Amino acid sequence: MAAIDDVIQYVEENRAKFEDELFELLRFPSISSDPESSDEMSRCADWVKLNFEQIGLKAEILPTKGWPVVVAETEREEGRPTVLVYGHYDVQPVDPVDLWDSPPFEPRRANGNVYARGATDDKGQAFTHVKAAEAWMKASGGPPVNLVFLIEGEEEIGSPNLEDFIQENRSRFEADAVLVSDTSQFGPGQPALCYALRGITYMEFVVTGAKEDLHSGMFGGIAPNPAHVVSRVLADMKDANGTIQIPGFYDGVKPPEDWELAEYEKLPWNYEELAKQLGIAKLSGEQEFPVPVRKWCRPTLDINGVYGGFAGKGAKTVIPSKAGAKVSMRLVPGQDAVRIAEIFETFVRERIPDDYQVEITNFQNSPATVIPIEDPAMQAGKEAFAKGYGKEPLLTREGASIPVVAFFVDEMKMPTVLLGFGLPDDNLHAPNEKFLLEDFHRGIKTSAHFLDAFARIKR
Ligand code: BES
Ligand code: MN
Ligand code: MN
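None of the values given here were measured: they were computed from a predicted structure.

Focus on the pairing of strand β2 (residues 69–73)
With 5 of 5 residues buried, β2 is to be regarded as a mostly interior element. Of the two faces of β2, the one holding V69, V71 and E73 and the one holding V70 and A72 are both buried throughout. Summarising the sheet, strand β1 (residues 58–62) and β2 pair through 5 bridges and their orientation is antiparallel. Residue pairing across strands places A59 opposite A72, the latter belonging to β2. Between β1 and β2, which pair antiparallel one after the other, the connecting turn spans 6 residues. Sheet topology places β2 next to strand β6 (residues 146–152); 4 bridges connect them, and they run antiparallel. Residue pairing in the sheet places E73 in a bridge with V148 of β6.

Right, here's the structure in full:
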């Protein structure tokens, strides 16, 4: 019997054990944006490290300027390829917590899913590779490649310290391919090989008028109102068609290539169904572009939150002292994230009248990336899906971001294979996040097959 057959058999025989361990991992409230999570973050990192040690890998927890990373590796052997697996053990906050059907950190099994914060993003998906490594270790004496794991704790806050950390330990993370499972399938049972991610620039601006809230009857007519200023600035940012009005915003934007457009035509989308799923009459945005182009290849600007004044129940007559907005822009190849932050800032400042003050914060800048699809690693990805899911993957992009991927691809020149095991309706970042357990197990097999295929193709 070939080694891979023993490995797959081990995966089959250990379904229950793997699920139990996943449930344990999901119990840690490792919310990276919450400074109070300190103990939980390190407890979670400890658990991950211990799990690596139990399967026979050398593992350590390494400090960064922020939350620690867990690094694990197999014995390095000369003359065989190296695969770096990247994932994140941090999760998003849980609010609004009253919209969850069960507590977010008490994993619940129902309809073949596990429900918990982090189930799909990214604990469940990242853990598939740990269990595939275990299967190779236990059933075959070790994987056919050198394996290095880098599991970080700051992805959900934009990986602010990871690039520096990798730079300082660069030789440890140099690899022939990077494997990441933090995206989605195209649909249930239809895997997707994702070859591009959008980047992101995230801004907030706060406008101040009077030094305190004022009675709107006593002072209305002479008082400045920052909520109106914020509204006007936001309204100026986009026209009714959704085209962004910030001068220079579209400079350098690389449109998708012809082969991509041809590929997108073939995708089994059902736009009516998608609109229905979202509870809207029709899909919004720049009508002159096809939906996949709007979703994946065009840059966007979205108000993520807007605040100021009284938003409680009933009426209260008040002129707010402060108002503000949080705005994210999704970027595509050809756009420079820092430059986008600068032109956004200029656009806002130019619109603030003299009798107001404005404070602008830039939370996040990361560029988009496109991964060359001709690389042998992509070939191994295709083969892995064909065997793990019994179905050839579709070639897709994603509209979301995984900040470090651009660094892997464009800085370190490492082909990065995004094997998405999640589903588009897994409720990531939302209440009732879930992961289909069948996808957990198929993911483990797909990962095991990837290592087998990559070792063969690279040899
Ligand atoms: N796993 C997601 C990214 C993702 C989700 C890719 C679905 C493809 C499909 C990741 O954890 C994430 O949420 N990224 C953030 C990055 C931000 C915090 C800088 C995003 O895209 O909003
Ligand atoms: Mn993620
Ligand atoms: Mn996320």
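Back to the write-up after that little detour.
Let's talk about the coordination of the manganese ion (ligand 3)
Every protein donor of the manganese ion (ligand 3) is accounted for by D121 (OD), E156 (OE), E156 (OE) and H429 (NE2), and the metal-donor separations fall at 2.1 to 2.5 Å. With 6 donor atoms in place around the manganese ion (ligand 3) and angles of 56 to 155 degrees between them, the coordination shape is irregular. Sequence spacing of the donor residues for the manganese ion (ligand 3), all on one chain, is D-x34-E-x272-H.

What about the domain arrangement of the chain?
Looking at the assigned domains, one finds that the chain contains domain 1 (3–197 + 368–458) and domain 2 (199–253 + 299–366). The partner domain 2 presents 8 residues to the 10 residues of domain 1 that form the contact. On the domain 1 side of the interface with domain 2, the three residues burying the most area are A368, S401 and P403, jointly 60% of the side's total. Where domain 1 packs against domain 2, one counts 0 salt bridges. The tally of links between domain 1 and domain 2 comes to 1 residue pair in polar contact (both at pLDDT 80 or more). Along the lines of polarity and charge, the residues of the side of domain 1 that touches domain 2 split into 6 nonpolar, 3 polar and 1 charged.

Observations regarding the site of ligand 1
Taken together, 17 residues are adjacent to ligand 1, and E155, D182, R330, S401 and H429 come closest. E156 is positioned with one of its side-chain polar atoms (N or O) 3.2 Å from an oxygen atom of ligand 1. Relative to its unbound accessible surface of 530 Å², ligand 1 loses 88% to contact with the protein. Shared between two domains, the shell around ligand 1 holds at least three residues of each, these being domain 1 (3–197 + 368–458) and domain 2 (199–253 + 299–366).

Some remarks on the coordination of the manganese ion (ligand 2)
Of the protein atoms, only H88 (NE2), D121 (OD), D182 (OD) and D182 (OD) coordinate the manganese ion (ligand 2), at distances of 2.0 to 2.3 Å. In this structure, the manganese ion (ligand 2) is surrounded by 6 donor atoms whose angles at the metal cover 57 to 167 degrees, and the resulting shape is irregular. Binding-site remark: the manganese ion (ligand 2) is held by donors from one chain whose sequence spacing is H-x32-D-x60-D.

Here we look at a nonpolar patch on the surface
On the surface, a cluster of nonpolar side chains totalling about 340 Å² of accessible area is made up of M218, F219 and I222. Mapped onto the elements, I222 comes out in the loop between β9 (199–208) and α7 (226–236).

A look at the pairing of strand β3 (residues 82–88)
By the criterion of burial, β3 is predominantly enclosed, with 7 of the 7 residues buried. Going residue by residue along β3, you find T82, L84, Y86 and H88 tucked away on one face and V83, V85 and G87 tucked away on the opposite face as well. In terms of strand pairing, β3 meets β6 through 7 bridges, oriented parallel. Within β6, the position partnered with G87 by the bridge is I151. In terms of strand pairing, β3 meets strand β7 (residues 177–180) through 4 bridges, oriented parallel. Of the residues in β7, the one forming a bridge with Y86 is V180.

The rules behind these values
- Residues numbered from 1 in each chain as written.
- Chains lettered and ligands numbered in written order.
- Predicted model: local features only at pLDDT ≥ 70, side-chain atom pairs only at ≥ 80, totals over all residues.
- Heavy atoms only, no water.
- Buried < 20%, exposed > 50% of the residue type's maximum accessible area, 1.4 Å probe, protein only.
- Helix = DSSP H or I, 4+ residues; strand = E, 2+ residues; numbered from the N terminus.
- Pairing = 2+ DSSP bridges.
- Donors = N, O, S within 2.8 Å, 3.2 Å for Na, K, Ca; no water.
- Tetrahedral: all angles 85-135°; square planar, octahedral: opposite > 155°, others 65-115°.
- Domains from an automatic or database assignment.
- Contact = heavy atoms within 4.5 Å.
- Buried area = accessible area lost by both parts, 1.4 Å probe.
- Salt bridge = Lys/Arg side-chain N within 4 Å of Asp/Glu carboxyl O.
- Polar contact = N/O pair within 3.5 Å; in protein donor to acceptor, adjacent residues only side chain to side chain.
- Nonpolar A, V, L, I, M, F, W, Y, C, P; charged D, E, K, R; others polar.
- Near = heavy atom within 4 Å.
- Areas by Shrake-Rupley, 256 points an atom, 1.4 Å probe, with all protein chains shown as cover.
- Patch = residues over 30% accessible without salt bridge, like charges linked within 9 Å, V, L, I, M, F, W, Y side chains within 5 Å.

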